[in-house]
Amino acid sequence: MAFPIKTLLGLSVVGVLSTGLYLSYFTVKTSEIAMVESWGEYKRMEFAGLHFKMPFRDKVYIIPTLTKPSTIQFTAQTQDQQDLQVVIDIQWSVAQQSKSKTHAELVSEGEGLFKTYRDRDTFEQAIIDTRTGSITKALVGSKTFASIITDRESVQRDIQEKIKQELAMFPVSVDGVQ
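Notes on the structure follow. Keep in mind the model is a prediction, meaning the values are calculated, not measured.

Analysis parameters
- Counting restarts for each chain, with residues numbered from 1 along the sequence as it is written.
- At least 70 in pLDDT is required for a residue's local features to be given in this predicted model, at least 80 for side-chain atom pairs to be given and counted, and no such filter applies to totals for whole chains, interfaces and linings, which use all residues.
- Each side-chain value is worked out from all heavy atoms of the structure, with water and hydrogens disregarded.
- Numbering of helices and strands starts at the N terminus; helices are DSSP runs of H or I of at least 4 residues and strands are runs of E of at least 2.
- Three labels apply to residues, based on accessible area from a 1.4 Å probe with only protein chains included: buried if under 20% of the type maximum, exposed if over 50%, partly exposed otherwise in between.
- The contact criterion used is simple: two residues touch if any of their non-hydrogen atoms lie within 4.5 Å.
- Note on areas: Shrake-Rupley, 1.4 Å probe, and residue coverage restricted to the protein chains presented here.
- A pair of strands is labelled paired if DSSP reports no fewer than 2 bridges between them.
- Only the stretch in contact is used when fitting a helix axis, every axis being a line fitted to C-alpha atoms; angles between N-to-C directions are given from 0 to 180 degrees.
- Aromatic pairs are defined between Phe, Tyr and Trp rings, using the six-membered ring for Trp, whenever the two ring centres lie within 6.5 Å; interplanar angles under 30 degrees are classed as stacked, those over 60 as edge-to-face, and all others as tilted.

Here we look at the overall build of the protein chain
Secondary structure assignment for the protein chain yields 5 helices and 8 strands. Sequence-ordered secondary structure for the protein chain, helices as α and strands as β, is α-β-β-β-β-β-β-β-α-α-α-α-β. For the protein chain, the residues scored as buried account for 35% of the 178 residues in total. Considering only contacts within the protein chain whose residues lie at least 6 apart along the sequence, 63% involve residues at least 24 apart. Surface summary for the protein chain: the accessible area is close to 11,100 Å², and the carbon and sulfur share equals 56%.

Things to note about the sheet that holds strand β8 (residues 172–177)
Where strands meet in a sheet, backbone hydrogen bonds hold them as pairs that are either parallel or antiparallel. Here 3 strands make up an open sheet; going across it, the order is β6-β7-β8 and the pairing antiparallel. Each edge of the open sheet is held by one strand with a lone partner, namely β6 (68–77) and β8. The average angle at which neighbouring strand axes cross in this sheet is 35°, direction not considered. Here strand β7 (residues 83–94) runs beside β8; their pairing, made up of 5 bridges, is antiparallel. Considered in β8, the bridge of Ser-93 is made with Ser-173. Packing of helix α3 (residues 120–141) onto the sheet brings it into contact with β6, β7 and β8, and relative to β6 it is tilted by some 40°.

Focus: the packing of aromatic side chains
Under the criterion given, the structure shown has 1 aromatic pair. When the ring of Tyr-22 is compared with that of Tyr-25, the centres are 6.3 Å apart and the planes differ by 85°; the resulting orientation is edge-to-face.

Here is the structure:
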């Protein structure tokens, strides 16, 4: 018994349409933002909810916005040439919806972060780690070993303030530095 060509063609069409329908939507959780690219070019940013895209043409990148801890370890030298092993823990998160920023401001910031760094890990390596290290080395280098030991809280507070100031230009929020 021969299999009819019309049946095979009909099943193929149904298969392609079903796949296209399945690939035409995506869900963004409340702890994420989504960046949508069309043919490799950034198109839009989406917040939590159900969203639609063109199958086979659009690609969606999901970026978590939950607070992420980063630990940076390095050696810094004090003003009196003493080596210190420094460990900095930073709690940070990607731009989230807030009352202080409009939707357009968040979208603009998110676009910039995505176009430049693509994901959180690249941003963390390129910005968080390097800027934290340079800020801390500069502050430790301007103090003596004895002053760092005796006034540790003040040094920690200064490092935290400088890191928050430095990262304020990026669409991230720094929740804590230790």
